[in-house]
Amino acid sequence: IIKIVFIDYYKESKLAEEAQQIYYDNDDDDEEPSQQERFADLIKINPDIKAWIYISNTRVNYPVLQTPEDDRNYYLTHNYKKEYSQYGSIFMDSICTLGTESKNVILHGHHMKNGEMFANILKYGEVDFCKENPIINFDTLNETRKYKVISIFKTNTLPEQGEIFNYQISSFGKGKFMEFVKDVKKRSLIYFPVDVEEDDQLITLSTCSYEFKDFRTVVVARKVRKEESDYVDVNKIKEAPNPLWPDCWYEKHGGVRPS
């Protein structure tokens, strides 16, 4: 217990601080560093590092890694230095074959009880937090990006809990993308006044949730378009009146599924 609660936590916190120091090292220079310069020293440590994710007012401030499909879960149990770690890393699903250029960039991270990794994305279930933090920052090797949150939802992974909604899709057939967006939005616990168009790109953050066995909390955001402001009318953010839950939710809590 001492090792898990204190020693491992201290080690992983120091490791995260070390990565942040490397990534932000050039920010005090007079000249803004390029993305290649930002990532250069991190990639020397591990070429699997593909991006950086940051969400204000959370502990989400980590490198993003990706492995080939034949070892897709490697970073569930390894840190960015490829050392064994129960904390794992934030990693991009291997089905994102176009990497950070995928139509939907899917990221996974553990829900650590001390708030590390992706535990804090559950805060998007709170209206006040959404109003203060409607933007997710996601920097690739080539550019800095901002994404406007469009949905937070809970979903099941076990068939006995109801029909499984497959949100882990990185590319879409003709006409399927907007259908996916509709499915994502109707499940959202919060209403976000952010539109989505056919040519847009998404980022999806997924972590474990404990409302039911093997549940997931998922946050989806839309990339800010070229020439578009990152402004979001936060006064319009509010609780969704009747989001779609998995079947097991209605069996336990009652209520009526939205039509």
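This text follows the structure it describes.
Residues numbered from 1 in each chain as written. Predicted model: local features only at pLDDT ≥ 70, side-chain atom pairs only at ≥ 80, totals over all residues. Heavy atoms only, no water.

Student: Looking at this model, I keep getting lost on the packing of aromatic side chains. Mind explaining?
Tutor: Each aromatic ring pair is summarised here by two numbers: the centre-to-centre distance and the angle between the ring planes. Within the structure shown, the criterion is met by 15 aromatic pairs. Between Tyr 124 and Phe 129 the ring centres are 4.9 Å apart and the planes differ by 80 degrees, which places this aromatic pair in the edge-to-face class. Across this residue pair, the class does not change: Tyr 124 and Phe 129 are buried. Between Phe 153 and Tyr 167 the ring centres are 6.0 Å apart and the planes differ by 80 degrees, which places this aromatic pair in the edge-to-face class. Here Tyr 167 lies in the loop between β6 (144–155) and α4 (176–186) and Phe 153 lies in strand β6, a separation of 14 residues in the sequence. (Phe/Tyr/Trp six-rings, centres within 6.5 Å; stacked < 30°, edge-to-face > 60°. Buried < 20%, exposed > 50% of the residue type's maximum accessible area, 1.4 Å probe, protein only. Helix = DSSP H or I, 4+ residues; strand = E, 2+ residues; numbered from the N terminus.)

Student: What's the story with helix α2 (residues 35–45) in this structure? I'm lost.
Tutor: It helps to recall that an α-helix has 3.6 residues per turn; residues three or four apart then point in one direction. Listed as buried for α2 are Gln 35, Arg 38, Phe 39 and Leu 42. Down the axis of α2, the buried side of the element spans an arc of 75 degrees, and every buried residue falls inside it. (Arc of directions from axis to C-beta.)

Student: Help me out: how do you make sense of the environment of Gln 66 in this one?
Tutor: The topology assignment puts Gln 66 in the loop between β2 (61–65) and β3 (90–92). Apart from the residues lying within four places of it in its own chain, the contact partners of Gln 66 are Asp 48, Lys 50, Met 92, Asp 93, Ser 94, Cys 96 and Gly 99. Engagement of the side chain of Gln 66 in a polar contact is seen with the backbone oxygen of Asp 93, the distance being 3.0 Å. (Contact = heavy atoms within 4.5 Å. Polar contact = N/O pair within 3.5 Å; in protein donor to acceptor, adjacent residues only side chain to side chain.)

Student: In this structure, what is going on with the environment of Gln 20? I would like to understand it.
Tutor: Tracing the backbone shows Gln 20 in helix α1 (residues 2–23). In sequence terms Gln 20 and Lys 185 are 165 residues apart; their C-alpha atoms lie 33 Å from each other. Not counting chain neighbours up to four residues away, the residues in contact with Gln 20 comprise Trp 52 and Asn 61. Within the structure, Gln 20 has its side chain in polar contact with the backbone oxygen of Asn 61 (distance 3.1 Å).

Student: Just checking my understanding: could you explain the side chain of Lys 223 for this structure?
Tutor: Counting through the fold element by element, Lys 223 comes out in strand β9 (residues 215–223). Within the structure, the side chain of Lys 223 is placed 3.3 Å from the side chain of Glu 143, a separation counted as a polar contact. In contact with Lys 223, other than residues within four places in its own chain, are Glu 143, Arg 145, Lys 146, Tyr 147, Gln 201 and Glu 228.

Function-wise, these values are silent; they only describe arrangement.
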